[in-house]
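Overview (structure and organization)
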Amino acid sequence: MAANTLTDEQLQRFKEVLEQEKEDTLQVIRDIENFQKRGAKENSGNLSSYSLHQADLGSDTESSEKEVYLLEEEQRKLRKLNQSLKRVYEKTYGICEMCGEYIGDRRLKIVPYARLCIDCRSKEEKLRKRR
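For clarity, every value in this text was computed on a predicted model and none was experimentally measured. (Residues numbered from 1 in each chain as written. Predicted model: local features only at pLDDT ≥ 70, side-chain atom pairs only at ≥ 80, totals over all residues. Heavy atoms only, no water.)

Turning next to the layout of surface pockets. Looking at the largest pocket, its volume works out to about 230 Å³. At the level of elements, α3 (54-90) and α5 (118-130) are the ones that each hand at least two residues to the lining of the largest pocket. In terms of residue count, α5 provides more of the lining of the largest pocket than any other element does, three residues in total. A breakdown of the residues in the lining of the largest pocket according to their chemical character gives four nonpolar, one polar and six charged. (1 Å grid on protein atoms, 1.4 Å probe; cavity = no way out; pocket = protein on both sides within 12 Å on 5 of 7 lines; lining within 4 Å. Points joined across faces, edges and corners; volume = space filled by probe spheres on them. Helix = DSSP H or I, 4+ residues; strand = E, 2+ residues; numbered from the N terminus. Nonpolar A, V, L, I, M, F, W, Y, C, P; charged D, E, K, R; others polar.)

Here it is in structure tokens:
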């Protein structure tokens, strides 16, 4: 399928998928932020101002680090979704940013915010590994 054959109907279908994925991602971000606001101690039922054991401190720290990592990953995904929605509006969605060919429905269904086709994505990963 050539890059310029994306129909308005296809773009609309992908727009709906992207918007749903965006809403789901925003909900995950809100959930993580709410969990962080309440704090790990309140969530665990321990309302004291300090952990009873050093292992508890380590667990609390590890939990906080995981939350921050998950939040950062979801925020990255949200940026990719927003960029993809912009491409839908510009009618460039589904076109590989590297080679200009159509990315393909199968890939877009799995990774709706994909910006590269499989071949170009593989090339990009090989270059990254060399560095």
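Having seen the structure, we can now continue with the description.
This brings us to the nonpolar core. Most often, soluble globular proteins keep nonpolar side chains buried together rather than apart. If you look at the biggest cluster of nonpolar residues, it comprises 16 residues, and the most contacted ones within it are L18, Y93, C96 and L108. Looking at this core, the elements that each hand over two or more residues are α1 (8-38) and α3. Contact partners of C96, with chain neighbours within four places excluded, come to E101, I103, R115, L116, C117 and C120. (Core = buried A, V, L, I, M, F, W, Y, C linked by side-chain atoms within 4.5 Å. Buried < 20%, exposed > 50% of the residue type's maximum accessible area, 1.4 Å probe, protein only. Contact = heavy atoms within 4.5 Å.)

All right, on to the environment of I29 then. For I29, the position within the fold is in helix α1. Remark: the alpha-carbon pair of I29 and L78, spanning 49 residues in sequence, is separated by 9.4 Å. With residues up to four places along the chain from it excluded, the contact list for I29 reads L71, E74, Q75 and L78.

Time to look at the side chain of R87. The topology assignment puts R87 in helix α3. A distance of 3.0 Å separates a polar atom in the side chain of R87 from a polar atom in the side chain of S84. Beyond its immediate sequence surroundings of up to four residues, R87 is in contact with T92, Y93, E97, Y113, A114 and R115. (Polar contact = N/O pair within 3.5 Å; in protein donor to acceptor, adjacent residues only side chain to side chain.)

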